[in-house]
Amino acid sequence: MDADWAEAKRLAFHTTSPDEFPRVTALAFDTRQELLWVGANEHRVVSYYGPELIRYTAFVTKSPHHGPQEEPVYQFLFNDKGVITLSKASIHMAMRRGMAIFHLRHPDMQDLRCMSFTSKGANEVLVAGFQNKMLVVDVSKGEVVKQVPTEHHYRFMKKSSRYICAATRTGGVDMLDQATFAIIKTWSPHRSSLVDIDVQGDFVVTCGCSLKHGQNTLDPFLQIYDLKNMAPMTPMAYPPLPAHVRLHPRMQSTSIILTQLGQMNIGDILNSGANTVRYLNTGLLAMFEIASSGEAIALVDIDGYIHLWGSPSKVRFNDVSLPTQFPEPPKPVDPLNWSVETPLSSIGMPFYREMLSSALPPDLISDVGAPPKQWDPAFLATLKRNEFGYFGPNTLGLRRNQVEDTRAISKADSSFQAPKFLSEKAREMVMSSGPSDLSETEAEQAPEQASECESLKAVAPAMYRNVEIKYSKFGVDDFDFGHYNKTRYAGLENHIANSYANSLLQLMNYTPLLRNMALQHAASACLIDGCLLCELGYIFDMLQKAEGSTCHATNLLKTLKSIASPPLGLLEEEFPAKPLAAMVQDLNRFLMENIKKGYRSIQPASTALEQTLFNMNQQPTPDSLVSKVLETSAVTHIKCVNCKAESTRPGTSYVNGLLYPPQKLNPRSGRAPRTIFSQALKMGVELETTSKGWCHCCQRYQPLQTRRTIQSAPAVLAINTQISLQEHKALWATPGWLPEEIGVIVDQGQFFCFEGEDLKIHLQRGVHNMAVYSLVGMVVDIEETSGPNKRAHLVAMVNVAHSEETASEESQWHLFNDFSVRPVSSAEALTFNQGWKMPSVLLYQLKAANNKTNTDWKTRLDKSVLFKDLISPADRRTCVVLDEATEKPGPETIVALDTEFVSVKQSEIQMNSDGERETIRPMSHALARVSVVRGHGEEEGEAFIDDYIAIKEKVVDYLTLYSGITEDDLNPKTSKHNLVPLKVAYKKLWVLLNLGCKFLGHGLKQDFRVINIQVPRAQVIDTIELFYLKARLRKLSLAFLAWHLLKEDIQLETHDSIEDARTALKLYRKYLEFQDAGILEPILEDIYKVGRTYNFRPPRKEDQVVVRTDTPPIPPETTAAGPSTPLRRLGVGSGGNGPAQGSGGGFGSMSGFTPGTSSPLR
């Protein structure tokens, strides 16, 4: 404390009535802003700003609905949102500007005196007082979430880094655990009562009273306690009798002691000899507080005066304070000097909601001027300079003196704008006259067919540009993906890390042989964690089932991230500067290697397609099929230039690269010979190179010549274009350079490739055994040089005709720009541009394999994972797996599903120019628990899947309040649950999906998104849609529907996925009852009517306390199973009077709705 400390400000605290004596009951410095808060009787709160103590806000913490009780304010706490005040029987939270956030009263709030934040920081408060219960208040909700019995009555509470130090009214101090609120240690510093207490770091200091001659007298000692060693220290003697004490917030061992008469002692509790005494010019002191900066103290005397002390030049309340918001003063109106020359625009105009008559109609408005033409750099490079300018051949496709309409181009480029959110469209549809308006809107948004080749333009057109997902408050599900895709082919979302792989995944999906290999392998018994071939099978199945809707490859990309080592350069976050063209070529090699590895690991479900294609009479092995489909079998010959020694080694490859011949001018014609695609492919496959290497004969580094002898070509020819020079780009920009068909002959170790007329001639001759390949598609690198997103990205150009079940005579090229999908012409697909459009990966497939499919995997699907009991020990089981003999899932089976998830990445939010919060990337979730219960039979409502997921990513928020998941649940060392890899849990759901089971649940769209699975609409029964009126624009929660229709209270303290799945099953039974009775519409109207009364939330009793535990284990067979969660049955449940449907019995039938004797629904 500096020597120039003095009284900086003295202020009289005024009361509401001039006849009333001012009585200050609470004093505190704000820990976030430069404010001093004062509490008084009559629920009054006043705040003062800065060293001058300028009056900032004043309000009353009493609710107008709670009578005329006049109570003092006892304590303040602060967080980012506002100030929390404690009165005798209530807690009030308000913004610092005075507006109330919540006012909480509770029957158990009888005589409160103190409060403290808990282990959850500023989100939770523990309140106590002269009563037998402590209450835990959730600050974000403004409600009591827990009650803790206590034997002691507490007067003060101070929070340390590890404990809550609670002072009792009898002079003791209890050290409470911040999470469980159990008493860890008890300390009795004073015999009668405790007057003041403070905590800083590892020290607790108190001053109090003792009984002398029947009266309370201040003790002449300052009691000290060491929290680190949990033991009292030597008391500090202070004969003037301490009445108030505080520890300095910066110098934790420095104490500031005040007497009632204003004597201040500043000393070190570890060195009692170093003391400084000051005398304050005040009356009898009633309260004392020190700011968190240590640069100011506030005193209140019994006359109601507030004293602020500190160094005049350094008074501040916090080291770093947030700015305090003040009302903006009204802006003065500038005087207007009116004259003849004053422009009329200087006069403000009112705002009109209707169209003014003076507004010009659109047909009278014309465009003036036009943007300049953007010239292609490749075209400018061909021009030659002359004295009057530049000249050259006309390669633009325009006539002489013809001017291009650049205004139309500009409008076309800017037409690819984000659509309205689905919620906005639904609201407009309800408010409009009818559905005809919506159809007109959709017609306006339909993309126009391009009349010319877009790839010839100087800059990338809108359909090639990077597309972005916009997020509303409802998240990604509110984005209108259908605006970008009017086809029946699914797109892929691009807001996921490493989504550059989307284009390559689309290309592989429409290659029938690759898709068949992935699906046949995924249908096998493979449960290997990190198997990319399984993940490819899952994503290919999703794209087929999506039927034009958008999917996302989250699980595959997570697996890629977990197994791809950093040197491979496959992850964008590790190599942000690496070109995407090079990255996707490396990914192409990596995926082909992993397809080979995964396919060889286990026998596929079926090989019928390959046996027919390659004329195999016997059952082939996985190794032989991989060599037929993927391998370019070759031997590499190595020859030393010096000693002519030769050696060989295997040269098998799964991806070939193009090798472009050098451009050499013909000395006669002065021109370079024409290079065709077949030449570059032949050179890339045979790969003749010369480089330095170690020669074992010369025993030194020598120039080595390498050449590959080709033995066989694969059915799927994967090619990396390896474009590196401008000459290479010029070749690709040549019209017709990339052929849609090529012919390959492998003879005597040489690789021959033909295209165009040469291919037709060889086919007509029929001399050689030629394999004809069709171009499936390519991954194209787009370099944007204009527009809002000037960065490279990848698109896929795919001829989907080769993957259809029936062959088509015409090509069906489609552009897959992430989630934007549209058909394009063959000329558009096969035309490239040196400036912005170049291919990176090509896939050719045997023409004989086009339009070949094998769906045997659906009938040979390995179902063993559904019948495996992986749970141990038996007393922890929360589910019973299906009986393979009696419970066989099928198309008539209904299963109830619910999931819980955690957050693995926080949302990214930025402030736009208008000051509004804009979501850049939403919160990323990971599946943490999945529960599936039976929907039929004697065991209806019994769970047969209840898996917790071993998450490999770092969890940033367990969302325990909503998911019921804690850190221990997902920790393999501490979890008491059935903890499995994501692959195992996903495989179970994928098997049920492909067996035709119907999934029932509430809000399944979000569950399916987090699981990353695509379920056809015919296999989804969603109760959130069944009990929904579109005209109301509001969907109802599961808890509200259960309370209103089932008379049950669920989700009282957290969520339990088994409970939620069972509740959804009961609601479905209720729905069928209402539908069968013909009263569904009146029931829905009644539900919404009651919902408006209760704000669509089930009413909760304030005194209702539910201690929630984990899902109970399955009881022994000798006892009947009860529900896993507390139920409030006020009427008839939903269990058993529904109409009969279907025939037969067992797990896959619907003969009746009455649960069995051991069912939890009974």
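Residues numbered from 1 in each chain as written. Predicted model: local features only at pLDDT ≥ 70, side-chain atom pairs only at ≥ 80, totals over all residues. Heavy atoms only, no water.

Looking at an unreviewed UniProt entry, the chain carries the name PAN2-PAN3 deadenylation complex catalytic subunit PAN2, with the source organism given as Echria macrotheca. In its Subunit (unreviewed entry) section, the UniProt entry covering the chain states "Forms a heterotrimer with an asymmetric homodimer of the regulatory subunit PAN3 to form the poly(A)-nuclease (PAN) deadenylation complex." (UniProt positions renumbered as here; feature names shortened; annotations may be inferred.)

A. Representation of the overall build of the chain. Check the secondary structure of the chain and you find 23 helices and 53 strands. Looking at the chain as a whole, 50% of its 1162 residues qualify as buried. Summarising the internal contacts of the chain: among those between residues at least 6 apart in sequence, 61% fall at separations of at least 24. Accessible surface, the chain: about 57200 Å² in total, of which carbon and sulfur atoms supply 51%. (Helix = DSSP H or I, 4+ residues; strand = E, 2+ residues; numbered from the N terminus. Buried < 20%, exposed > 50% of the residue type's maximum accessible area, 1.4 Å probe, protein only. Contact = heavy atoms within 4.5 Å. Areas by Shrake-Rupley, 256 points an atom, 1.4 Å probe, with all protein chains shown as cover.)

B. Fine view of the sheet that holds strand E5 (residues 54-60). Spatial strand order, E2-E3-E4-E5: four strands in an open sheet with antiparallel pairing. At either end of the open sheet lies a strand with only one pairing partner, and these are strand E2 (24-29) and E5. When the angles between neighbouring strand axes are averaged without regard to direction, this sheet yields 20°. The pairing of strand E4 (residues 44-49) with E5 spans six bridges and is antiparallel. Counted as the bridge partner of Arg44 is Val60 from E5. (Pairing = 2+ DSSP bridges. Axes fitted to C-alpha atoms, helices over the stretch in contact; angles between N-to-C directions.)

C. Molecular detail of the pairing of strand E28 (residues 285-290). Of all six residues in E28, five are buried, a share of seventy percent or more. Sheet topology note: the E28/strand E29 (residues 297-301) ladder contains five bridges and is antiparallel. The residue of E29 that forms the bridge with Ile290 is Ile297. In textbook terms, the turn of a hairpin is the stretch between consecutive antiparallel strands, and for E28 and E29 this stretch comprises six residues, one of which, Gly294, has a positive phi near 80°.

D. View of the sheet that holds strand E14 (residues 154-159). Taking strand neighbours across the sheet as the criterion, the four strands line up as E14-E15-E16-E17 in an open arrangement whose pairing is antiparallel. In the strand order of this sheet, the two ends are held by E14 and strand E17 (183-187), each with one partner. For this sheet, the mean inter-axis angle between neighbouring strands, taken without regard to orientation, is 20°. Here strand E16 (residues 173-177) runs beside E17; their pairing, made up of four bridges, is antiparallel. Bridge pairing in E17 places Met175 opposite Lys185.

E. Expanded view of the environment of Thr709. Mapped onto the elements, Thr709 comes out in strand E37 (residues 700-712). In this structure the C-alpha to C-alpha distance between Thr709 and Val635, which are 74 residues apart in sequence, comes to 5.2 Å. Excluding anything up to four places from it in sequence, Thr709 contacts Ser633, Ala634, Val635, His637 and Gly749.

F. Local environment of the UniProt feature "binding site: a divalent metal cation" (unreviewed entry) in the chain. When the UniProt feature table is mapped to this numbering, "binding site: a divalent metal cation" (unreviewed entry) covers Asp898, Glu900, Asp1007 and Asp1060. A maximum C-alpha distance of 12.4 Å among these annotated residues, which run over 163 residues, shows that they cluster at one spot. Tracing the backbone through its elements, the reader meets Glu900 in strand E46 (residues 894-905). With near-sequence residues (within four places) excluded, Glu900 lies in contact with Leu927, Ala928, Arg929, Tyr962, Ser963, Ile965, His1055, Asp1056, Ser1057 and Asp1060. With respect to the helices and strands, Asp1060 occurs in helix H22 (residues 1057-1077).

G. Expanded view of the pattern of salt bridges. Enumeration over the complete set of coordinates arrives at 41 salt bridges. Between Arg316 and Asp319 there is a salt bridge, and its shortest N-O distance comes to 3.5 Å. Put simply, Glu953 and Lys558 hold a salt bridge, and the shortest N to O gap is 3.1 Å. In this pair, Glu953 sits in the loop between strand E50 (943-949) and helix H17 (960-963) while Lys558 sits in helix H8 (residues 554-563), placing the two residues 395 residues apart along the sequence. By relative accessible area, which is 34% here, Glu953 ends up partly exposed. Connected through salt bridges with shared partners, the residues Arg250, Glu295, Arg316 and Asp319 form a single ionic network. (Salt bridge = Lys/Arg side-chain N within 4 Å of Asp/Glu carboxyl O.)

H. Geometry of the packing of helix H7 (residues 532-546) against H8. At a closest axis distance of 9 Å, the pairing of H7 and H8 adopts a crossing angle of 165°. One finds that H7 runs roughly antiparallel with respect to H8. Remark: the crossing between H7 and H8 carries left-handed chirality. Of the residues in H8, those touching H7 at Leu532, Glu535, Leu536 and Ile539 are Asn555, Leu556, Thr559, Leu560 and Ile563. (Parallel < 35°, antiparallel > 145°, perpendicular 65-115°, else oblique. Left-handed = near helix turned anticlockwise from the far one by under 90°.)

I. Geometry of helix H11 (residues 622-629). Within H11, the full set of buried residues consists of Pro622, Leu625, Val626 and Val629. Buried positions in H11, seen along its axis, are confined to an arc of 100° and lie on one side of it. In this structure, the buried residues of H11 make contact with helix H6 (512-522), helix H9 (580-601), helix H10 (608-613) and strand E38 (716-720). (Arc of directions from axis to C-beta.)

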